[in-house]
Amino acid sequence: MHASLSEIVAHCDRLLSTALIADYPGAHNGLQLQNSGAVTKIGAAVDACEPVIAEAVKRGITLLVVHHGLFWTSQRHVGAAYRKLRDAITSDLAVYSSHLPLDLHAELGNSVLLARAIGLEGGEPAF
């Protein structure tokens, strides 16, 4: 059974309130690179850097969810940027990025999980 990329992206966008959370202007949250539409294996990583893309391709991942996406400020696709896009596209790898929407999430966010891990309770969002 294959999951639909569009259904997964819609779910992630709703769960993380992607459209409602302002971020650094270069951080493009949400689906950054589509694939053919089928998702058979999901991977997760902090950065969509060249070694991560290579490993995802090697493992047959069809959707990579990352914190730091493929695109920040540069729209030039040379060197490592070209190679990782080439490898992702030729391997039918979709990339979904969530930066501040993931950081700020009340249940899944880095801050709340870190606070729980070190025993802090009753905190409130600062921003």
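Presented here is a report on the structure given in the accompanying data block. (Residues numbered from 1 in each chain as written. Predicted model: local features only at pLDDT ≥ 70, side-chain atom pairs only at ≥ 80, totals over all residues. Heavy atoms only, no water.)

Comments concerning the side chain of His105
Spelled out, the test is: A helix here means a DSSP run of H or I that spans at least four residues, while a strand means a run of E at least two residues long, and both kinds are numbered starting from the N terminus. Relative accessible area decides the class of each residue, using a 1.4 Å probe on protein chains only: under 20% of the type maximum gives buried, over 50% gives exposed, and in between gives partly exposed. N or O atoms closer than or at 3.5 Å make up a polar contact, with two conditions inside protein: a donor-capable atom paired with an acceptor-capable one, and, for residues adjacent in sequence, both atoms drawn from side chains. Pairs of residues are marked as contacts when any of their non-hydrogen atoms sit within 4.5 Å.
One can find His105 in the loop between α4 (100-103) and α5 (110-117). Of the residues examined, His105 reaches a relative accessible area of 14% and is grouped as buried. Separated by 2.9 Å, the side chain of His105 and the backbone nitrogen of Leu108 make a polar contact. Setting aside residues no more than four positions away along its own chain, His105 makes contact with Leu15, Leu16 and Val112.

Digging into the pairing of strand β4 (residues 42-47)
Side chains on a regular strand alternate between the two faces of the sheet. Heads up, the rule is: When DSSP finds two or more bridges between two strands, those strands count as paired. Here the term right-handed applies to a crossover when the path leading from its first strand over the helix to its second strand runs clockwise, the strands being oriented away from the viewer.
The sheet contact formed by β4 and strand β5 (residues 63-68) spans five bridges and is parallel. Bridge pairing links Asp47 to His68 in β5. A crossover connection joins β4 to the parallel β5 through helix α2 (residues 50-58); in handedness this β-α-β unit is right-handed.

Quick look at the sheet that holds β5
Quick note on the threshold: To define axes, lines are fitted to C-alpha atoms, for helices over the stretch in contact only, and angles between the resulting N-to-C directions are given on a 0 to 180 degree scale.
The four strands lie next to each other as β2-β6-β5-β4, forming an open sheet whose pairing is mixed. Each edge of the open sheet is held by one strand with a lone partner, namely β2 (30-33) and β4. Direction aside, the axes of adjacent strands within the sheet are offset by 30° on average. Here β5 runs beside strand β6 (residues 94-97); their pairing, made up of four bridges, is parallel. Opposite Val65, over in β6, you have Tyr96 as the bridge partner. Its contacts with the sheet place helix α1 (residues 5-16) against β2, β4, β5 and β6, and it is angled at close to 5° to β6.

Describing a nonpolar patch on the surface
Rule in force here: Residues enter patches when they are more than 30% accessible in relative terms and free of salt bridges; like-charged ones are connected within 9 Å and nonpolar ones (Val, Leu, Ile, Met, Phe, Trp, Tyr) within 5 Å. Areas reported as accessible are Shrake-Rupley estimates using a 1.4 Å probe. Residue values count occlusion only from the protein chains shown. Salt bridges are counted wherever a side-chain nitrogen of Lys or Arg sits within 4 Å of a carboxyl oxygen of Asp or Glu.
On the surface, Leu114, Ile118 and Leu120 cluster together into a nonpolar patch covering about 330 Å² of accessible area. Structurally, Leu120 is set in the segment after α5. Given the relative accessible area of 55%, Leu120 is considered exposed.

Overview of the nonpolar core
Heads up, the rule is: Definition used in this section: a nonpolar core is a set of buried Ala, Val, Leu, Ile, Met, Phe, Trp, Tyr and Cys residues joined via side-chain atoms within 4.5 Å.
By size, the foremost hydrophobic cluster in this structure holds 13 residues, and its most contacted members are Leu33, Ile53, Leu64, Leu70, Leu93 and Val95. Mapped by element, the contributors of at least two residues to this core are α2, β5 and α3 (80-90). Each residue touching Leu93, except ones within four places of it in the same chain, is listed here: Leu33, Gln34, Asn35, Ile53, Ala56, Val57, Ile61, Thr62, Leu63, Leu64 and Ala88. If you look at the next biggest cluster of nonpolar residues, it comprises nine residues, including Leu5, Val9, Leu16 and Tyr96.

Comments concerning the environment of Asn110
Topologically, Asn110 is positioned in helix α5. Using a relative accessible area of 40% as the deciding quantity, one classes Asn110 as partly exposed. With ten residues separating them in the primary sequence, Asn110 and Leu100 have C-alpha atoms 9.7 Å apart. The contact partners of Asn110, leaving out residues within four places of it in the chain, are His67, Leu102 and Asp103. Here Asp103 takes part through its side chain, which lies 2.5 Å from a polar atom of the side chain of Asn110.

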